[in-house]
Amino acid sequence: MDIRLERLEGADAGIVLLGLDRPAAKNALGRQLLAEFAEVMQALTADRSVRIVIVHSLVPGVFCAGADLKEREGMSQEEAAAFVKRLRAAFTELEQLPMPVLVALEGAAFGGGLELALAADLRVAGSEARMGLVETSLAIIPGAGGTQRLPRLIGASRAKELIFTARRLGAEEAGRLGLVDRVVLPGRALESTLALAREILPNGPIALRMAKRAIQEGMGLDLTSGLALEEACYAEILPTRDRLEGLAAFREKRKPQYKGE
């Protein structure tokens, strides 16, 4: 297995760890890992008990080295195009998971590895992490969403500079650019990402899903259409038991117990 899921329990119930575990290839994105990844995306999408997903690496010193170039070398043009299309679709499925998705980055995240991280909602990096969209140095372009997600995150001109130069960034520079949201001590990315997840976890799960939908879909709309989307998302929350529980807990000065219903 190249991917391992761990469902946390107790006070952390609702948090799922998605671990990349292909040590022999530094978590390179090959056919088997991609097939497992796509299968996991389908399962997570349908599981309403999952409130937060954290993507991380189980391989020390690397998050994901990018595409499996040894495997890619043996593909025909048609096979390579089909594989990249499946990879792009899989990362879009990650982006479209209804619950918040966080990434803990340690070590190297290059090419497709960084594109995977860009598809998440939030990124936490250990200070020794290194990352970059390096595809132009291989005479290709980022093909799993990098040319679209990076400029939306840090601006078009900065994204062009990083992609044109194939520059490799340290975590501190990535943090200054806004490519990652938090930079922490080396080896502490997963711990810090879990701490962030625990800040999110007590909040209403339906509200979190609707907030994510309103933000993500609204970014591609004009303001008037975005406000209409926000209204529609709010309307889905109004009949929920969680909304009534939030009001009752506020009135009674107690911690709310949300059930996602």
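Scroll up to find the structure.
The shown structure was predicted, so the numbers you read here are calculated from the model rather than taken from an experiment. (Residues numbered from 1 in each chain as written. Predicted model: local features only at pLDDT ≥ 70, side-chain atom pairs only at ≥ 80, totals over all residues. Heavy atoms only, no water.)

Colleague: Just to check I follow, could you spell out the overall build of the chain for this structure?
Modeller: Scanning the chain from N- to C-terminus turns up eleven helices and ten strands. Over its C-alpha atoms the chain spans a radius of gyration of 19 Å, differing by no more than 12% from the 18 Å that the globule rule assigns to 261 residues. Along the three orthogonal principal directions, the C-alpha set of the chain runs to about 60 × 40 × 35 Å. When burial is assessed residue by residue, the chain has 48% of its 261 residues classed as buried. The contacts of the chain with a sequence gap of at least 6 include a subset with a gap of at least 24, amounting to 68%. (Helix = DSSP H or I, 4+ residues; strand = E, 2+ residues; numbered from the N terminus. Rg over C-alpha atoms; globule rule 2.2 N^0.38 Å. Buried < 20%, exposed > 50% of the residue type's maximum accessible area, 1.4 Å probe, protein only. Contact = heavy atoms within 4.5 Å.)

Colleague: It is not clear to me how the pattern of salt bridges should be interpreted in this structure. Could you clarify?
Modeller: It is possible for side chains of opposite charge to pair when their charged atoms get near one another. Tallying each qualifying case throughout the model produces 16 salt bridges. Salt-bridge contacts for Arg22 lead to Asp68; the nearest nitrogen and oxygen are separated by 2.9 Å. Placement of Arg22 in the loop between β2 (15-20) and α1 (31-46) and of Asp68 in the loop between β4 (62-64) and α2 (69-73) is noted, with a sequence separation of 46 residues between them. Among the salt bridges present, the one from Arg251 reaches Glu252, with a minimum N-O distance of 3.6 Å. Taking the relative accessible area as the measure of exposure, Arg251 reaches 60% and is therefore exposed. Under the relative-accessibility criterion, Glu252 is labelled partly exposed at 44%. One salt-bridge network, held together by shared partners, links Glu245, Arg251, Glu252 and Arg254. (Salt bridge = Lys/Arg side-chain N within 4 Å of Asp/Glu carboxyl O.)

Colleague: Whenever I open this one, the sheet that holds strand β3 (residues 52-57) confuses me. Can you help?
Modeller: Backbone-to-backbone hydrogen bonds pair the strands of a sheet. The strands run either parallel or antiparallel. Pairing in this open sheet of six strands is mixed, and the strands run β1-β2-β3-β5-β7-β10 from one edge to the other. Strands with a single pairing partner mark the edges of an open sheet, and in this sheet they are β1 (3-7) and β10 (182-184). Each strand axis lies, on average, 20° off the axis of its neighbour in the sheet, ignoring direction. (Pairing = 2+ DSSP bridges. Axes fitted to C-alpha atoms, helices over the stretch in contact; angles between N-to-C directions.)

Colleague: Can you walk me through the nonpolar core in this structure?
Modeller: One broad rule of soluble globular proteins: the nonpolar side chains tend to lie buried together. Within the largest apolar cluster, 51 residues are counted, with the highest numbers of intra-cluster contacts made by Leu18, Phe63, Met131 and Leu179. Formed by 16 residues, the second largest nonpolar core is a distinct cluster that contains Leu17, Ala104, Leu196 and Ile200. (Core = buried A, V, L, I, M, F, W, Y, C linked by side-chain atoms within 4.5 Å.)

Colleague: Where do I start with the environment of Phe83 in this structure?
Modeller: Following the sequence through the fold, Phe83 ends up in helix α3 (residues 77-95). Classification of Phe83 by relative accessible area gives buried; the value is 1%. Each C-alpha atom, one on Phe83 and one on Leu34, is 9.0 Å from the other, the two residues being 49 residues apart in sequence. Once residues lying within four places of it in the same chain are set aside, the contact partners of Phe83 are Leu29, Gly30, Arg31, Leu34, Glu71, Arg72 and Met75.

Colleague: Please explain the layout of surface pockets as it appears in this structure.
Modeller: With a probe scaled to a water molecule rolled over the atoms, the places where space remains empty come into view. In this structure, the largest pocket encloses a volume near 1000 Å³. Lining the largest pocket are 33 residues; nearest its centre among them are Glu95, Asp121, Lys212, Ile215 and Gln216. Contributions of two or more residues to the lining of the largest pocket are made by β7 (122-126), α5 (146-154), α8 (189-200) and α9 (205-218). Considering each element in turn, the lining of the largest pocket owes the most residues, ten residues, to α9. A per-class count over the lining of the largest pocket returns 17 nonpolar, four polar and twelve charged. Of the voids in this model, the second largest pocket is the one considered here, and its volume is about 410 Å³. Considering the residues around the second largest pocket, the lining is formed by 22 residues, among which Ala67, Leu69, Glu135, Leu138 and Ile140 are closest to the centre. Mapped by element, the contributors of at least two residues to the lining of the second largest pocket are α2, α3 and α4 (112-118). (1 Å grid on protein atoms, 1.4 Å probe; cavity = no way out; pocket = protein on both sides within 12 Å on 5 of 7 lines; lining within 4 Å. Points joined across faces, edges and corners; volume = space filled by probe spheres on them. Nonpolar A, V, L, I, M, F, W, Y, C, P; charged D, E, K, R; others polar.)

So yeah, pure geometry; function would need other evidence.
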